[in-house]
Amino acid sequence: GYAEVVVVYNKPKGFLVGNRYDKLSRLLTGVLPPEIARLVRTRKASLQNIEQGFQQEKRLKIIRPKVQLPLKSILDTNKQRLNACVDMGITDVRVFLKTYHG
């Protein structure tokens, strides 16, 4: 029911899954239960479908980084990399606000 939704996304446009995920998923699908293995194998296609949905929804406004964040993992505690992410976010929001017509 909203006229517009603004989303802050932590992945750059076009990012799907990294090479590490592809390699790990190939190994895991042989030992996982069949239904879970199928979900792991189809994750990339699912993410592509979500990304296409983002592009088609005119009410959705996305703030996202231009390049991949410098973090090593979701558990990264390195202050320099965390500060770099914050700086990237500030820059990306400023760019978004310059072109936003809400």
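Residues numbered from 1 in each chain as written. Predicted model: local features only at pLDDT ≥ 70, side-chain atom pairs only at ≥ 80, totals over all residues. Heavy atoms only, no water.

(A) Structural view of a nonpolar patch on the surface. A cluster of nonpolar side chains, contributed by L24, L27, L28 and V31, occupies part of the molecular surface with about 410 Å² of accessible area. Structurally, the position occupied by L24 is in helix 1 (residues 19-28). (Patch = residues over 30% accessible without salt bridge, like charges linked within 9 Å, V, L, I, M, F, W, Y side chains within 5 Å. Areas by Shrake-Rupley, 256 points an atom, 1.4 Å probe, with all protein chains shown as cover. Salt bridge = Lys/Arg side-chain N within 4 Å of Asp/Glu carboxyl O. Helix = DSSP H or I, 4+ residues; strand = E, 2+ residues; numbered from the N terminus.)

(B) A look at the confidence of the model for the protein. In the predicted model, the protein carries a mean pLDDT of 86, and 94% of its residues have values of at least 70. Averaged over each element, pLDDT in the protein is lowest for helix 1 (75) and highest for helix 4 (residues 79-99) (93). (pLDDT = per-residue confidence, 0-100.)

(C) Spatial organisation of the side chain of T29. The residue T29 is located in the loop between helix 1 and helix 2 (34-41) in this model. Classification of T29 as buried rests on a relative accessible area of 19%. Residues within four places of T29 in sequence aside, it is in contact with A37, V40 and R41. (Buried < 20%, exposed > 50% of the residue type's maximum accessible area, 1.4 Å probe, protein only. Contact = heavy atoms within 4.5 Å.)

(D) Region of the structure containing the pattern of salt bridges. In total, this model carries 4 salt bridges according to the counting rule given. Of the charged contacts, one joins R81 and D76 as a salt bridge, the two residues approaching to 2.6 Å between their closest N and O atoms. Accessibility expressed as a relative area gives 12% for D76, which makes it buried.

(E) Focus on helix 3 (residues 43-56). Spanning 14 residues, helix 3 covers 20 Å between terminal C-alpha atoms, matching the ideal 20 Å at 1.5 Å per step. Along helix 3, the positions that sit buried rather than exposed are L47, E51 and F54. All buried residues of helix 3 project into a common sector of 55 degrees when viewed along the axis, lining one side. In helix 3, the exposed residues that point more than 90 degrees away from the buried face are N49 and Q56. Those residues of helix 3 that are buried are in contact with strand 2 (60-63). (Expected span 1.5 Å × (residues − 1). Arc of directions from axis to C-beta.)

(F) Inspection of the environment of R26 at higher detail. Mapped onto the fold, R26 is located in helix 1. Separated by 11 residues in the primary sequence, R26 and A37 have C-alpha atoms spaced 9.2 Å apart.

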